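Spelled out from the first residue to the last, the chains are:
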Amino acid sequence: MTLYHFGNCVTLLYVPHYLTYKYANLSEYGAFWKCIQGGIIYAFTQLCKMLILATFFPANEASITTLSLSNFFKSSIDLADIAGIYVILQSIPGKGHAKVMTAGIGWAGAEILLTRFLLLWVGARGTEFDWKYIQKCLESNINLMHHIMTAALVWLWSRHDLNKLQSKFSPFAAVSILLLLSVYRSVVIDSLAAWLLIDPWSIIAIKGVYTIILGLIMLKYYTRLSTLIGMY
C-alpha cells in the first residue's frame, strides 16, 4: 500500500513536467541539456540565497508566515531567482518560446528533484497514508506554471522593444509589477493563510488562482509582443 502511494505521488509529481516538455516540442530544439544547465543554475542560485539568509537573517526570528518587515526582506531574497532565470534565458539561443519553456521547465525540474524527491522517498513510503504528500505534488505542478510564467515575464522585461506595444499603461511598468507579484507570491499567500487560518487545500487553490490570474495577464503582453515581432 505504501509503495502504491509513493508511486501515485511520483506520477503526480513528474508526469506533468514530462508532458509539458514533450508537448512544448522542446526536443526539436535540443533543449534537454539546456534544461540540465538551467537546473544547475537553479541549484547555484538557491545556494547563494541560503548563504545570504544564514548570514543576515537569524534563524530565531519570526516565522515567514507572519507579515513583518523582516519577512518582507527575507522574501526579497527571491529576487535572485529572477537573476538566475535571466542568466538561463541569455544562455539559450533561439526563439522566445523555446527560451521561456526551457528556462521554466529546467528551473521547475531542478526544484522538484532537490526539494521533493527525498521528501517523497522518506515520507510517502511510510506506514501511514498522509494527504500532505499529495498536496506537495499538486503544489509542485502549480509551481511549474509559476516558473514558466516567471520566465516569460523575465523575457518580456528584457526586451528592448516591449514599450512599442500600444497601451494606456506602460507595458514595461506592467511587466515589472507582475514580476514583483510573482516574486512575493509566497509571502502574500502565506501571510493571508496565517491571518485567516486557511486550511492547506485552500492555500493550494489560492496559489493556483493567483498563478492563473498573473499568467493570463502575462499572456496578453506575451502574445501581443510575439505578434509585433513576428514570432510564432
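Below, the structure is looked at part by part.

Ranked by internal contacts, the top residues of the largest apolar core, which has 46 residues, are Ile105 and Leu156. Breaking this core down by element, the ones donating at least two residues are α2 (32-56), α4 (79-91), α5 (96-115), α7 (131-158), α8 (171-183), α9 (185-196) and α10 (200-229). When residues of this core are assigned to their parent elements, the largest contribution, nine residues, is made by α7. Residue contacts for Ile105: discarding those within four places in its chain leaves Thr20, Tyr21, Leu26, Cys35, Leu144 and Ile148. Membership of the second largest hydrophobic core comes to eight residues, among which are Phe6, Cys9, Leu120 and Ile134.

Next up on the list: the packing of aromatic side chains. How two aromatic rings sit relative to each other is set out by the distance from centre to centre and by the angle between their planes. Under the defined criterion, the tally for this structure stands at five aromatic pairs. Both rings, one in Trp155 and one in Tyr222, keep their centres 5.4 Å apart while their planes meet at 55°; by these two values the pair is tilted. Of this pair, Trp155 sits in helix α7 while Tyr222 sits in helix α10; the two residues are 67 residues apart in sequence, bridging distant segments of the chain. Note on accessibility: Trp155 and Tyr222 belong to one class, buried. Seen from the ring of Tyr221, Lys220 lies directly overhead, with NZ or CZ sitting 5.9 Å from the centre.

A few words now on the layout of surface pockets. There is about 990 Å³ of room inside the largest pocket. Sorting the residues of the lining of the largest pocket by element identifies α2, α3 (69-76), α4, α5, α7, α8 and α9 as the ones contributing at least two each. The greatest single-element share of the lining of the largest pocket, amounting to six residues, is contributed by α7. For the lining of the largest pocket, the residue count by class is ten nonpolar, nine polar and eleven charged. Taken as a whole, the second largest pocket encloses approximately 410 Å³ of empty space. Around the second largest pocket, the lining comprises 15 residues; the ones closest to its centre are Phe32, Cys35, Ile36, Ile105 and Gly109. Taken together, the elements giving at least two residues each to the lining of the second largest pocket come down to α1 (2-23), α2 and α5. Among the elements that make up the lining of the second largest pocket, the one with the highest residue count is α5 (six residues). Residue composition of the lining of the second largest pocket, by class: eleven nonpolar, four polar and no charged.

One non-glycine residue, Asn25, lies in positive phi territory at about 60°. You can see Asn25 is positioned in the loop between α1 and α2. Taking relative accessible area as the criterion, Asn25 reaches 39% and is therefore assigned partly exposed.

One pass over the structure, following the stated rule, counts five salt bridges. A salt bridge links Lys207 to Glu139, with the nearest nitrogen and oxygen atoms 2.5 Å apart. Here the residue Lys207 occupies a position in helix α10, and Glu139 occupies one in helix α7, the gap between them amounting to 68 residues. When sorted by exposure, Lys207 lands in the same class as Glu139, which is buried. The network of salt bridges with shared partners includes Lys49, Asp78 and Asp81.

Rules and cut-offs
Residues numbered from 1 in each chain as written. Predicted model: local features only at pLDDT ≥ 70, side-chain atom pairs only at ≥ 80, totals over all residues. Heavy atoms only, no water. Core = buried A, V, L, I, M, F, W, Y, C linked by side-chain atoms within 4.5 Å. Buried < 20%, exposed > 50% of the residue type's maximum accessible area, 1.4 Å probe, protein only. Helix = DSSP H or I, 4+ residues; strand = E, 2+ residues; numbered from the N terminus. Contact = heavy atoms within 4.5 Å. Phe/Tyr/Trp six-rings, centres within 6.5 Å; stacked < 30°, edge-to-face > 60°. Lys NZ or Arg CZ within 6 Å of the ring centre and 35° of its normal. 1 Å grid on protein atoms, 1.4 Å probe; cavity = no way out; pocket = protein on both sides within 12 Å on 5 of 7 lines; lining within 4 Å. Points joined across faces, edges and corners; volume = space filled by probe spheres on them. Nonpolar A, V, L, I, M, F, W, Y, C, P; charged D, E, K, R; others polar. Salt bridge = Lys/Arg side-chain N within 4 Å of Asp/Glu carboxyl O.

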